Amino acid sequence: MRVPALRAGWVRQTFVHWAFPPATVQALLPEELVVDEYEGSAWVGFTPFLMADVRPPAVPAQVPGLPTFAETNLRTYVRHRDGADGLWFLSIEVACPLMLAARVVGAPYNPGTLSVSLDGDTVAYAGSRWVGEASYRLVVRPGDPITPTERDVWLTSRWRAYTRRLGMLWETPVEHEPWPLAHAAVDVLEETLTSAAGLPAPAAEPLVHFSEGVRHVRLGASRPRVPAPGPSGG
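Note that the coordinates shown come from a computational prediction; the quantities given were computed from them, not determined experimentally. (Residues numbered from 1 in each chain as written. Predicted model: local features only at pLDDT ≥ 70, side-chain atom pairs only at ≥ 80, totals over all residues. Heavy atoms only, no water.)

1. As for the side chain of Gln 13
Within the element layout of this structure, Gln 13 appears in strand β1 (residues 6–20). Those residues in contact with Gln 13 that sit more than four places away from it in its chain are Thr 47, Pro 48, Phe 49, Tyr 125, Trp 179, His 209, Phe 210 and Ser 211. (Helix = DSSP H or I, 4+ residues; strand = E, 2+ residues; numbered from the N terminus. Contact = heavy atoms within 4.5 Å.)

Set out below in structure tokens:
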């Protein structure tokens, strides 16, 4: 993108991924999108993190007092029918009410009470919505760094998000450096976000990664999605 609309960092992020039958996830998508599969499965990611140093594009990260707050996404992986891949958010939990402005393009933000904390060699995440009963608690123990596999990259590296509002599909581009990934062991995992989104209980244990994060996130302006004339990569 030439000029981002927003800069930020995404730090202390955990990726918890479950495999689902593709038809189960497809039922939750708008008609313009098809579920993206890896080895015959759809994947849903539960990803809590800190949104750090949120600022306009011309403001450096070193400026004191920039907002930092907890956010948690429940997302899946999709392709537009013209072939361009991206993310579809099933829900977004956020501790900063200012982010609710993104509802104008259909981003499913839910304001709530969220926290990210360090306790020895563990990272703890917790959240509950202000409206409704959806909540979560996750405690992970980060391990050694890994060299990402093809599947790891597929699950963590997407460069656009889709939303739907006012009868249109919207696209928000994103850029950042590659995720530094590490193993992670789960000490506690309790969540009702998946059931609130309309998903059944996962059938298998999740695949879990931790990342200290990416500090140079560039979010572009959301715009209506105009299909490309032929298939293209994302």
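2. Side note on the layout of surface pockets
Size it by volume and the largest pocket reaches roughly 730 Å³. The wall of the largest pocket is formed by 38 residues, among which Met 51, Met 99, Tyr 109, Thr 172 and Leu 219 lie closest to the centre. For the lining of the largest pocket, the secondary-structure elements that each account for two or more residues are β1, β3 (42–55), β4 (69–80), β5 (85–94), β9 (160–165) and β10 (168–175). The greatest single-element share of the lining of the largest pocket, amounting to four residues, is contributed by β4. Here the lining of the largest pocket is composed, by residue class, of 26 nonpolar, eight polar and four charged. (1 Å grid on protein atoms, 1.4 Å probe; cavity = no way out; pocket = protein on both sides within 12 Å on 5 of 7 lines; lining within 4 Å. Points joined across faces, edges and corners; volume = space filled by probe spheres on them. Nonpolar A, V, L, I, M, F, W, Y, C, P; charged D, E, K, R; others polar.)

3. Some words on the pattern of salt bridges
On inspection of all chains with the given rule, the structure shows 14 salt bridges. With a closest N to O distance of 3.2 Å, Arg 158 and Asp 36 form a salt bridge. Remark: Asp 36 occurs in the loop between β2 (33–35) and β3 and Arg 158 occurs in the loop between α2 (150–156) and β9; sequence separation between them is 122 residues. Asp 36 shares its class with Arg 158; the two are buried. Between Glu 93 and Arg 129 there is a salt bridge, and its shortest N-O distance comes to 2.8 Å. Here Arg 129 lies in strand β7 (residues 122–129) and Glu 93 lies in strand β5, a separation of 36 residues in the sequence. For the pair Glu 93 and Arg 129, a shared accessibility class is recorded, and that class is buried. (Salt bridge = Lys/Arg side-chain N within 4 Å of Asp/Glu carboxyl O. Buried < 20%, exposed > 50% of the residue type's maximum accessible area, 1.4 Å probe, protein only.)

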